Amino acid sequence: MNLGNANYYTLKYQVHGDNYLDSSDGQENVLNGELRTLTNILAFGSIPLFNIQRQLFRIINKLGLNTLYYPIVLRTKTKTKAVSAITKQAISLRLKEPTELYRAIQGFFEASNNRCIELKIPEDFKVYDGSDIREFNKKLHENELHELYYQLFKEMKIGFNCVQIKSTDLSDVQRLLEFLMIKEYVRIEVIL
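Below you will find a few notes about this structure. The structure presented is a predicted model; accordingly, all values stated were derived computationally and were not measured. (Residues numbered from 1 in each chain as written. Predicted model: local features only at pLDDT ≥ 70, side-chain atom pairs only at ≥ 80, totals over all residues. Heavy atoms only, no water.)

Quick notes on the packing of helix α4 (residues 80–94) against helix α5 (residues 100–111)
What counts, and what does not: Angles run from 0 to 180 degrees between N-to-C directions of axes, and those axes are lines fitted to C-alpha atoms, restricted for helices to the stretch in contact. Numbering of helices and strands runs from the N terminus; a helix is a DSSP stretch of H or I covering at least four residues, while a strand is a stretch of E covering at least two. What sets the label is the angle itself: under 35 degrees gives roughly parallel, over 145 gives roughly antiparallel, 65 to 115 gives roughly perpendicular, and the rest give oblique. Definitions for this section: a left-handed crossing has its near helix turned counterclockwise from the far helix by less than a right angle. A right-handed crossing has that turn clockwise. By definition in these notes, contact holds between two residues if any of their heavy atoms fall within 4.5 Å. Gly falls in the polar group here, along with every residue not listed as nonpolar (Ala, Val, Leu, Ile, Met, Phe, Trp, Tyr, Cys, Pro) or charged (Asp, Glu, Lys, Arg).
Viewed as axis vectors pointing N to C, α4 and α5 meet at an angle of 155 degrees, and their least axial separation amounts to 7 Å. It follows from the interaxial angle that α4 and α5 lie roughly antiparallel. Once α4 is placed against α5, the crossing between them reads as left-handed. Residue-level inspection shows Thr-80, Lys-81, Val-83, Ser-84, Thr-87, Lys-88 and Ile-91 of α4 in contact with α5, the latter providing Tyr-102, Gln-106, Phe-109, Glu-110 and Ala-111. Residues belonging to the contact of α4 with α5 are distributed by class as follows: five nonpolar, four polar and three charged.

Quick notes on helix α8 (residues 170–179)
For an α-helix, the turn length of 3.6 residues means that residues three or four places apart are oriented alike. Operational definition: Exposure categories follow from relative accessible area, calculated using a 1.4 Å probe and restricted to protein chains: below 20% of the type maximum is buried, above 50% is exposed, and the middle band is partly exposed. Arc, as used here, means the arc of the directions from the helix axis to the C-beta atoms.
Among all positions in α8, only Val-173, Leu-176, Leu-177 and Phe-179 are buried. Down the axis, α8 shows its buried residues gathered within 155 degrees of arc, on one side only.

A few points about the sheet that holds strand β1 (residues 116–118)
The criterion, for reference: One bridge is not enough; two strands pair if DSSP finds at least two bridges between them.
Spatially, the three strands line up as an open sheet ordered β1-β2-β3, and their pairing is parallel. With one partner strand each, in any of the chains shown, β1 and β3 (187–191) form the two edges of the open sheet. Adjacent strand axes in the sheet meet at a mean angle of 30 degrees when their direction is disregarded. Here β1 runs beside strand β2 (residues 162–166); their pairing, made up of three bridges, is parallel. Across the sheet, residue Cys-116 finds its bridge partner in β2, namely Cys-162.

Geometry only, nothing functional implied.
What follows is the structure, given as structure tokens:
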């Protein structure tokens, strides 16, 4: 079978000037996936000289030699100040003006306060997952998110490293912290 003669409609979509990636929604959704990946990696590994390694990878990748280069990652949790610098750079590469979510994430890693907050999940609260980012962004832009999200954004900007919850909220809080990309940097305390 000669694949060179097949019609590749998806390739035509990707080179189109008004495609999804060129839209602000597309940029926000792509950024969300990139930050989700970055914060998960940085929670379990530290990337020394991140900017230098990033530039080196870009050059090697453009030359088509990416199989010859493997980034150096140490098996230590990245400190929040370093995560802050990396996430700030990632956000600035995608968005001219970060949304409330990305300002909260950035603030969380910049603040890195040693404090505990109490969190109660209301019955009518929807916990979003990474796959729900389009719906979440739409509601965020229209100011239609549950009030708890806006309260959490404020708390994240102040910084915290501990959440006190009731045992019935454990699963929802874990998913919520995962969605907000801070799960690995927050200790969960179950209170009676």
